[in-house]
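# A structural walkthrough
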Amino acid sequence: MASHRKLRAAAVVCAVAVVTGPAPAAAWAAAGDPAAAPAVTAPSPDPFAGLTADRIGDKAVTATRSATSLRMTGRLSADGQPLDIDFAVNDHDECTGVMKIKGGTAELRKAASITYLKGDEAFWRASMTSQGMSPAQIAATIELVKGRWLKISPGQAGSADLGGVCDLKSLLADLGRDEAERRGLVRGPDAKVGDTPVATLVKKKAGGETTTVSVARQGKPYILKMVKKGGPEPGALVLSDYDKPVKVVIPPASETVDLSKLDQGTAV
């Protein structure tokens, strides 16, 4: 029985790590282009006048990497499954947000190096089923975590993977790491993302894959939207709320269950 309990505890965390995975900010979403904006007349003066599209891309990557916080909204692909995310993250390894996969929903929070995860039954069931857990193991685990936040401390199984979702510095470090990949950009028609005018940078690849990056033309040249059409990972990711405070509400102890309790087969 002890080995079954250990498997159950490990599978819960591994399942979540699989569906969330520490996706870099440059990862592309898997469904659609949210808030697509029509082309607009470029206001004058153009902050990027005289710059090539590649140079604008360089400036955008540098600015975005300097952010102290941001919000990521979009749909990522996890093992071929669409994963909807809406997360606010800062450079103190703190975050708060929601993710949805296979009809299930979960909230994730991290503060003071502790990660909290609260999923509905559909989320847990889909996650654990993908890990090959038996119906009995799934039912027992869901009963333990139902209506509670799973508390995962540093050093516990899966803490690094889940915490990676909240590691802004790591996420942004991957942004534009491959300089060769972002070369060959062409500036398209200017547009807007929300109320912010943007420069549109486009790269086309053989096979019909097109990548479009929208760069703010007011204030710092932050990346506000990334869209990929065609290829294996089409979709869009919107970045907003740059440098705004991220408030993480830590769940009360009465509403949490420590990951170790799954190992023991008991709940507090």
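The coordinates are above.
So, here is what we can say about the structure in this document. (Residues numbered from 1 in each chain as written. Predicted model: local features only at pLDDT ≥ 70, side-chain atom pairs only at ≥ 80, totals over all residues. Heavy atoms only, no water.)

Another point: the side chain of Asp190. Topologically, Asp190 is positioned in the loop between β7 (186–187) and β8 (191–193). A relative accessible area of 9% places Asp190 in the buried class. At a separation of 3.1 Å, a polar atom in the side chain of Asp190 contacts the side chain of Arg187. (Helix = DSSP H or I, 4+ residues; strand = E, 2+ residues; numbered from the N terminus. Buried < 20%, exposed > 50% of the residue type's maximum accessible area, 1.4 Å probe, protein only. Polar contact = N/O pair within 3.5 Å; in protein donor to acceptor, adjacent residues only side chain to side chain.)

This part covers the environment of Leu70. Here Leu70 shows up in strand β1 (residues 69–78). Judged by relative accessible area, which is 3%, Leu70 ranks as buried. Remark: the alpha-carbon pair of Leu70 and Asp91, spanning 21 residues in sequence, is separated by 9.2 Å. Residues contacting Leu70, with those up to four places away along its chain left out, are Phe87, Ala88, Val89, Leu168, Leu172, Leu239, Ser240, Asp241 and Tyr242. (Contact = heavy atoms within 4.5 Å.)

This next bit is on the nonpolar core. By size, the foremost hydrophobic cluster in this structure holds 54 residues, and its most contacted members are Phe87 and Met99. Residues in contact with Phe87, not counting those within four places in the same chain, are Leu70, Arg71, Met72, Cys95, Thr96, Gly97, Val98, Met99, Leu108 and Val165. (Core = buried A, V, L, I, M, F, W, Y, C linked by side-chain atoms within 4.5 Å.)

At their nearest, the axes of helix α3 (residues 121–130) and helix α4 (residues 135–145) sit 10 Å apart, and the two run at 140 degrees to each other. α3 and α4 meet at a crossing whose hand is right-handed. On α4, the residues touching Glu121, Trp124, Arg125, Met128 and Thr129 of α3 are Ile138, Thr141, Ile142 and Val145. For the contact of α3 with α4, the class distribution of residues is five nonpolar, two polar and two charged. (Axes fitted to C-alpha atoms, helices over the stretch in contact; angles between N-to-C directions. Left-handed = near helix turned anticlockwise from the far one by under 90°. Nonpolar A, V, L, I, M, F, W, Y, C, P; charged D, E, K, R; others polar.)

The next point concerns the packing of aromatic side chains. All told, the structure shown has two aromatic pairs when counted by the stated rule. Ring centres of Phe123 and Trp124 lie 5.5 Å apart, and the angle between their planes is 75 degrees; this geometry places the pair in the edge-to-face category. Note on Trp124: relative accessible area 1%, which makes it buried. (Phe/Tyr/Trp six-rings, centres within 6.5 Å; stacked < 30°, edge-to-face > 60°.)

Let us look at the pattern of salt bridges. Under the criterion given, the structure shown has 13 salt bridges. The partner of Arg75 in a salt bridge is Asp84, with the nearest N and O atoms 2.6 Å apart. According to the relative accessible area criterion, Arg75 is partly exposed, its value standing at 27%. With relative accessibility at 25%, the residue Asp84 sits in the partly exposed group. Across the salt bridge formed by Arg217 and Asp190, the nearest N and O atoms sit 3.8 Å from each other. Note that Arg217 is positioned in the loop between β10 (210–216) and β11 (223–229) and Asp190 in the loop between β7 and β8, a separation of 27 residues in sequence. (Salt bridge = Lys/Arg side-chain N within 4 Å of Asp/Glu carboxyl O.)

Here the focus is the environment of Ala139. Position of Ala139 among the secondary structure elements: in helix α4. For the pair Ala139 and Arg125, spaced 14 residues apart in sequence, the C-alpha separation works out to 8.3 Å.

Our next topic: the state of the cysteines. Per the counting criterion, the structure on display carries one disulfide. Two residues, Cys95 and Cys166, share a disulfide whose sulfurs are 1.9 Å apart. Residue Cys95 is located in strand β3 (residues 95–101), and its partner Cys166 is located in the loop between α5 (159–164) and α6 (168–173); the two are separated by 71 residues in the primary sequence. A relative accessible area of 0% places Cys95 in the buried class. (Disulfide = S-S within 2.5 Å.)

Along its 13 residues, helix α2 (residues 53–65) runs 18 Å from first to last C-alpha, staying within 8% of the 18 Å computed at 1.5 Å per residue. The inward-facing, buried residues of α2 abut α6, β7, β9 (196–204), β10 and β11. (Expected span 1.5 Å × (residues − 1).)

A positive phi angle, close to 55 degrees, is found at Ala112, a residue other than glycine. Following the sequence through the fold, Ala112 ends up in the loop between β4 (104–111) and β5 (114–119). Although it is not a glycine, Asp241 adopts a positive phi angle of roughly 50 degrees. Mapped onto the elements, Asp241 comes out in the loop between β12 (235–240) and β13 (256–258). Judged by its relative accessible area of 32%, Asp241 is partly exposed.

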